[in-house]
Amino acid sequence: MSDAEYTLAEMMCVVAAREFPATGVVMAGMGLPMITATLAKMLHAPGIAICTEVGAFDWLPPAELSRAPVGIHDINLNHGSAMVSDMVDALGTLLMGGNVDLGVLSAAQVDRFGNLNTLVLGDYREPERRLGGTGGNTEIACMARRVLTVMPQERRRFVERVDFNTSPGYIDGPGARARAGLGPQGPNAVVSTFGVFAFDTPDGATGSCEMVLERVFPNMDPDIVRLETGWDLRAAANITEVPPPTAEELTLLRRLDPHHFYLTPGRY
């Protein structure tokens, strides 16, 4: 594949990396969140401190890094870290202390209010399928100041209501986070294999708190995005097109995933 060609999965990771702030503390989940965080720090956001649920604090990917970390105990997470500790420090001290500016997550399902499901498909008591579990998703979704979700778009994954709310977004609408004892959060966003979604309120206190299509990938028809969404998706008045990935972005992304752990369809 040439640099001029790219897959939707590559486009998703590139665009998600562009959404990172220039500075701040980022708690990145494993999988797609980790490769996008790595790409962001190496290209767009050198000032961010990447932390993980297992306690690698301020991980610094070396310039010669051959691949992004592929699991919570990957030795690559020790490279240049300010501290390597444990989940108590990561989820307790860092998150509960209110010190995480951005949480980056993925899931099996996301719904119109930005809630995520990583636990079960179907009824909780008699599930059709059990998933990998929560990890730090719940804590990150509850306590990070902002959440960026990265996940491929399919109608079965973009659902009106998640089968189980592992990780609350805006729950069921305006004021729901406050009623649940959670702090305000936002602006949150979702990056899929089709485009970028925002929510119609900055902090979940007003508006409808529903996901809104704001930007689409090159040559992507918004009607296709709607077809692969399990509810009547709202769209911005002026949907814009995301610029395609640069050769630099694609080259580094492919170097970070030499074995296609992240970018193979069906694995992300």
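For the structure itself, look to the data block above.
Residues numbered from 1 in each chain as written. Predicted model: local features only at pLDDT ≥ 70, side-chain atom pairs only at ≥ 80, totals over all residues. Heavy atoms only, no water.

Right, let's get into the side chain of Asn-188. Here Asn-188 shows up in the loop between helix H5 (176–179) and strand E12 (189–191). A relative accessible area of 8% means that Asn-188 is categorised as buried. Among the polar contacts made by the side chain of Asn-188, one reaches the main-chain amide nitrogen of Val-147 at a distance of 2.9 Å. Within the structure, Asn-188 has its side chain in polar contact with the side chain of Gln-185 (distance 3.0 Å). (Helix = DSSP H or I, 4+ residues; strand = E, 2+ residues; numbered from the N terminus. Buried < 20%, exposed > 50% of the residue type's maximum accessible area, 1.4 Å probe, protein only. Polar contact = N/O pair within 3.5 Å; in protein donor to acceptor, adjacent residues only side chain to side chain.)

Now for the packing of aromatic side chains. Summed over the entire model, instances satisfying the criterion amount to four aromatic pairs. Note on Tyr-124 and Phe-164: the rings are 5.1 Å apart at their centroids and 25° apart in plane angle, and the pair reads as stacked. You can see Tyr-124 sitting in the loop between strand E8 (120–122) and strand E9 (127–130) and its partner Phe-164 sitting in the loop between strand E11 (158–159) and H5, a full 40 residues away along the chain. The partly exposed category is assigned to Tyr-124, whose relative accessible area is 40%. (Phe/Tyr/Trp six-rings, centres within 6.5 Å; stacked < 30°, edge-to-face > 60°.)

With that settled, the discussion passes to a negative patch on the surface. Taken together, the side chains of Asp-123, Glu-126, Glu-128 and Asp-163 present a region of like negative charge at the surface. Of note, Asp-163 is situated in the loop between E11 and H5. (Patch = residues over 30% accessible without salt bridge, like charges linked within 9 Å, V, L, I, M, F, W, Y side chains within 5 Å. Areas by Shrake-Rupley, 256 points an atom, 1.4 Å probe, with all protein chains shown as cover. Salt bridge = Lys/Arg side-chain N within 4 Å of Asp/Glu carboxyl O. Lys, Arg positive; Asp, Glu negative; His and termini not counted. Charge placed at Lys NZ, Arg CZ, Asp CG, Glu CD.)

The side chains of a regular strand alternate, residue by residue, between the two faces of the sheet. Of the two faces of strand E5 (residues 102–105), both are covered, the one formed by Leu-102 and Val-104 as well as the one formed by Gly-103 and Leu-105. As defined by bridge partners, strand E1 (residues 23–28) adjoins E5 across three bridges and the pair is classed as parallel. Opposite Val-26, over in E5, you have Leu-102 as the bridge partner. In terms of strand pairing, E5 meets strand E10 (residues 147–150) through three bridges, oriented parallel. Paired with Val-104 across the bridge in E10 is Leu-148. (Pairing = 2+ DSSP bridges.)

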